[in-house]
Each structure stands twice: as C-alpha cells, then as structure tokens.
Amino acid sequence: MEMQPDTLPKPDAPRPDPIAGENTVAGENTVTVLTAPSAGAIAVIRLEGPLVEAALRRRARSRSGKSLDVPPGPRPRLVRWDFGGPEPEEAVLYRPGETLLEIHCHGGLRVVERLVQAAAVDGFARLSWQQWLQYEERDPIAAAARAALAQVRTRRAAEILLDQYHGALRSALADIAAALSRGDAAAAQGLRRLASRIPLGLHLSRPWRVVILGPPNAGKSSLINALAGYDRALVHPVPGTTRDLVSAVIVADGWPIELIDTAGLRQAAHPVEQLGVRKAEDAARNADLVILVFDRSRPWRAGHDALLRRYPQALLLHNKCDLAAGPGERPPGLYVSAHRPDDVPPILDALVRRLVPDPPPPGEAVPFTEDQAAAVKEALDFLERQNPQAAAARLRRLAPATPAPPALARPALEPPALEPPALEPPA
Ligand SMILES: Nc1nc2c(ncn2[C@@H]2O[C@H](COP(=O)(O)OP(=O)(O)O)[C@@H](O)[C@H]2O)c(=O)[nH]1
Ligand SMILES: [Mg+2]
C-alpha cells in the first residue's frame, strides 16, 4: 500500500523523553507506581503536579533528619523519605522538572503502599500505570502496545507488538483511511488483510486455547505431557482417570499456547465423570482449536465418526502408533505415539499451522486490542454497505492524525479517601 507521508508518524522520529513529563496531566497531582505490581528489589514511584514542591518540603530529609532542598536537576539525590512511619525510607530522588519527581525506594509491597498512601495524604491522586501510559504516549495505539508488551510471554509476540508501537498499525490505518476517502479500490484489500490479522493480534498477550478431546484412554493426558515436556496430567490405564480440566502453557514456534486436557468423552456412569465430560465440552466450545485423539490400536467405531461430525475443524491424532493397528478405516490425520519423543515436533508443527497459517512478515500491521478489532470490523461493515466515508472515519478515530491526550475518567483523578497512614501503633 502506498504511503501517505504527511499523515504518517515517522517510525524513527525521536520520541519524547518518557520522564520529561511532556504529555502529562496538566495541573493535576498524581502518583503512579511505575514498577511491576509485585515485590521487587526496587520500586519507582512517580509524583507529578504542582504539589511536588510541598511534598518534598514535607518529606525529604537528610541523613541527620534535617529537611532538604531538592531543586530540579539532572542529578539523583539519596535522601530519607519521611512517610509518617517510625523510620524514614531511604530513597533516591530524581527531579527532572519542577513538577515531576521519581522516588526510587525499596521494592517491598508494604513500602510501596506506604509511600503511595503518604502521597495520597499529600493530595496526589493515584493513576494506574495503564492510565499513566495513555498520557505518556498520546498515541492511543502506542499506549496500548506498551500495555500489551507488559503482558507478553514470547519474543515473537513482543516483536509484533513492538512493530505496532513503532507505527505499523497506525500507518496502515492512515493509509487505508486515505485510500477509502479517495475511493481507491485497494482500500478494501488492505482492510480485509488487516481484519485477517485480528485473531493473531488478540492472541499476542493471551495464549491460544487448544483443547484435547477424545474417548477415554486414547492417550490425551499422555499427549499433553509429551507436548508440555513434563508430567502435567495423571496418566493411567484405567479409563476415566482425568476428570477436571488440566492445562499447561507451552510455546510453539514463538506462539504462546494453552493446552487443556479433558475427561474422556463417553456416557459416564459416575456423576463426577459426567461433570468432567460436560466441562470438556464447554472448554471445546470456547477453544481456538480442538485436537481429537483416538487410539489407533483399537477398532474405529461409529461413535468416533459422530465426534468428527461434532468437531469438524478439529486436528486429528491417531495415537498409539507404536502398537499394532486396530481394525477399521480411519479418516486422515496425524499418526503418532505419545510415547515417542520424535513425534512431538510434527504435532507442534501441525498445531501451529492451524493456529497461525500465515504468520505476519516483520513490520506488518496487526490490530491487537478488542477496540481495534471492533473498529476494523465495523469499518469493513461500512465498506460492504457501500459507505467508504464512514469506514474511513471509523478508522481515523482509532488513530487520530494529531492525537490529543485522552480524557481519563475523572473519578480516577479524585484523591482516594484515605486515612493518614496510621501503620504503626502510636508511641
Ligand atoms: N503404547 C502406548 N501407550 C500409550 C500411548 N499413549 C498413552 N498410552 C497409554 O494409554 C493409557 C491411557 O493413557 P492416558 O494418557 O491416561 O489416556 P487418556 O485417558 O486419554 O488421558 C496409559 O496406560 C498410557 O500409558 C502411546 O502412544 N502408546
Ligand atoms: Mg486423561
């Protein structure tokens, strides 16, 4: 697709310094924990707004407990941060601007919570890191990409999200919208291609769900163990061993995949096994792919054909091929043995080919959030109803030419009603 140089962001254009506070919540006083919400060695807490100076005067202390002047500047300062507890917290302060302060402190959850509570008492409203990103990035697609990158499990998924962060999706949307407005026939093709990437995009930060179904004793649990590379599920010659759903997340060809082992499908007599069968069927309904496993050493039955009709899109595995074949003609599928390690790679290959038949080349635009997916689908709808202008407008709303800072839900900016931190018993 042709580029529209003046509407596109240049991927290599210098980005604003993330801590220079260019795109911030003007006039508001906010506190954001920038490090991951779990215990760590160090936490970074960002205070922002006109109240920064007052907070510093109130809480920054020297080693000997004297109050400290911390003017804005490039040099970090080691201080004690008096948050109202028995001992001030040792912290490194970085104040790149008048109204901006980063507190680098110990990463224990209680420490972080106490500092945030103290900030709330000082009048700072808490922003989640996702909200903060929206201000930071301005471009909503870049903000969403950074949020998704924090959840991603594989390098391959991260590379695709990084492409979107650097403008692949934004450019494609701008190109398609411009082509739609011109009445260019290439637009429909571009839009369809974008729509075809939605299933992949939505799975970058959420694994594909693959449900393993089949008659009892076919080797389903043995297969999930072989594919996961460790003994995740119980394996036993007694049919009906697996009753609950058992899942394992694996990575195949760089894609995150959740495998779900299930109870064997049969008319179970035992009520617990019946529950297991129902769970298996529910899981299959919500799956991205069903693997049907059959025991090749046993006769092929009419009931098996019924399963195939019920799951026509399933990937078929004829298992136990290390044993002599049972009678009956079988439908096409992979002939494997869960006991043969060499059979694992071809099974994973088949799985990946079904889930990602056409992996995107580097730099390709991929919608990766529910909002983006909905917008692309709606635009396609408009186009099919002969309304290219509405389609273009729908796409432009996703990637405005000069993105404004998003309007956050105001309630998020209200200082939480917190008691002053009475964390220690009064002396
Ligand atoms: N010979 C052979 N036995 C297998 C194979 N896969 C599973 N089994 C055995 O078949 C029995 C049932 O296996 P399991 O994985 O529990 O089946 P499930 O009920 O479908 O989960 C166990 O004794 C397994 O060791 C295979 O490929 N070859
Ligand atoms: Mg089992």
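Residues numbered from 1 in each chain as written. Chains lettered and ligands numbered in written order. Predicted model: local features only at pLDDT ≥ 70, side-chain atom pairs only at ≥ 80, totals over all residues.

A. Molecular detail of the overall build of the protein. Along its length, the protein carries 14 helices and 13 strands. With 427 residues in all, the protein has 39% of them scored as buried. Considering only intrachain contacts with a sequence separation of at least 6, the fraction spanning at least 24 residues in the protein is 64%. (Helix = DSSP H or I, 4+ residues; strand = E, 2+ residues; numbered from the N terminus. Buried ≥ 20, exposed ≤ 12 C-beta atoms within 10 Å, placed from the backbone. Contact = placed C-beta atoms within 7 Å.)

B. Representation of the sheet that holds strand β2 (residues 42–48) within the structure. Reading across the sheet, the seven strands line up as β3-β4-β5-β6-β2-β1-β7 and stay open at both edges, with mixed pairing between neighbours. Here the strands that pair on one side only, and so sit at the sheet edges, are β3 (60–61) and β7 (125–126). Relative to strand β6 (residues 100–106), β2 is paired through seven bridges, and the arrangement is antiparallel. By the bridge assignment for β6, A43 is matched with C105. (Pairing = 2+ DSSP bridges.)

C. Examining the site of ligand 1 more closely. G219, K220, S221, S222 and S337 are the nearest of the 21 residues found near ligand 1. Tallying contributions element by element places helix α9 (residues 220–228) first for the shell around ligand 1, with three residues. The residue makeup of the shell around ligand 1, split by class, is six nonpolar, twelve polar and three charged. (Near = placed C-beta within 6 Å. Nonpolar A, V, L, I, M, F, W, Y, C, P; charged D, E, K, R; others polar.)

D. Spatial organisation of the sheet that holds strand β9 (residues 246–252). Strand order across the open sheet formed by six strands is β9-β10-β8-β11-β12-β13, with mixed pairing between neighbours. Only two strands of the sheet have a single neighbouring strand rather than two, namely β9 and β13 (334–335). Sheet topology note: the strand β12 (residues 315–319)/β13 ladder contains two bridges and is parallel. Across the sheet, residue H318 finds its bridge partner in β13, namely Y335.

E. Here's a closer look at the packing of helix α3 (residues 129–137) against helix α4 (residues 140–149). Between α3 and α4, the least distance of the axes is 8 Å, while the angle of their chain directions is 140°. Taken together, the axis directions place α3 and α4 in an arrangement best described as oblique. Our pair here, α3 against α4, has a crossing hand that is right-handed. Of the residues in α4, those in contact with Q130, L133, Q134 and E137 of α3 are P140, A142, A143, R146 and A147. Looking at the contact of α3 with α4 residue by residue, the classes come out as five nonpolar, two polar and two charged. (Axes fitted to C-alpha atoms, helices over the stretch in contact; angles between N-to-C directions. Parallel < 35°, antiparallel > 145°, perpendicular 65-115°, else oblique. Left-handed = near helix turned anticlockwise from the far one by under 90°.)

F. Unusual backbone geometry, seen in detail. Of note in this structure, N217 is not a glycine but carries a positive phi near 75°. Examined against the element boundaries, N217 turns out to sit in the loop between β8 (208–213) and α9.

G. Representation of the pairing of strand β1 (residues 30–33). Covered by surrounding structure in β1 are T30 and T32 together with V31 and V33, the residues of both alternating faces. By the bridge criterion, four bridges tie β1 to β2 in an arrangement that is antiparallel. What sits directly across from V33, in β2, is I45. As defined by bridge partners, β1 adjoins β7 across two bridges and the pair is classed as parallel. Its bridge partner being in β7, V31 is matched across the sheet by R126.

H. Molecular detail of the environment of C321. Tracing the chain through its elements places C321 in the loop between β12 and β13. Residues C321 and S297, spaced 24 residues apart in sequence, show a C-alpha to C-alpha distance of 7.0 Å. Residue contacts for C321: discarding those within four places in its chain leaves R296, Y335, V336 and S337.

I. Here's a closer look at the nonpolar core. L161, L173, I176, A177 and L395 are the most contacted members of the largest nonpolar core, which totals 42 residues. Sorting the residues of this core by element identifies α3, α4, α5 (155–165), α6 (168–182), α7 (186–196), α13 (370–384) and α14 (388–398) as the ones contributing at least two each. W208, I291, V293 and A338 belong to the second-largest nonpolar core, a separate cluster that totals 38 residues. (Core = buried A, V, L, I, M, F, W, Y, C linked by C-beta atoms within 7 Å.)

J. Region of the structure containing the packing of α13 against α14. One can describe the packing of α13 onto α14 by two numbers: an axis separation of 7 Å at closest approach and a directional angle of 170°. Taken together, the axes of α13 and α14 are roughly antiparallel relative to one another. Where α13 crosses over α14, the two elements pack in a sense that is left-handed. Contacts from Q372, A375, E378, A379, F382 and L383 of α13 reach α14 at P388, A390, A391, R394, L395, R397 and L398. Partitioned by chemical class, the residues of the contact of α13 with α14 number nine nonpolar, one polar and three charged.

K. Main features of the confidence of the model for the protein. Residues with a pLDDT of 70 or more make up 87% of the protein, whose mean pLDDT is 86. The model gives residues 1–23 a pLDDT under 50, and that stretch makes 32 contacts with residues more than four places away or in other chains. (pLDDT = per-residue confidence, 0-100.)

L. Structural detail: the pairing of strand β4 (residues 77–81). Of the pairings in the sheet, the one linking β3 to β4 comprises two bridges and is antiparallel in character. Of the residues in β4, the one forming a bridge with R61 is R80. Examined bridge by bridge, β4 and strand β5 (residues 89–97) share five bridges and lie antiparallel to one another. Of the residues in β5, the one forming a bridge with V79 is A91.

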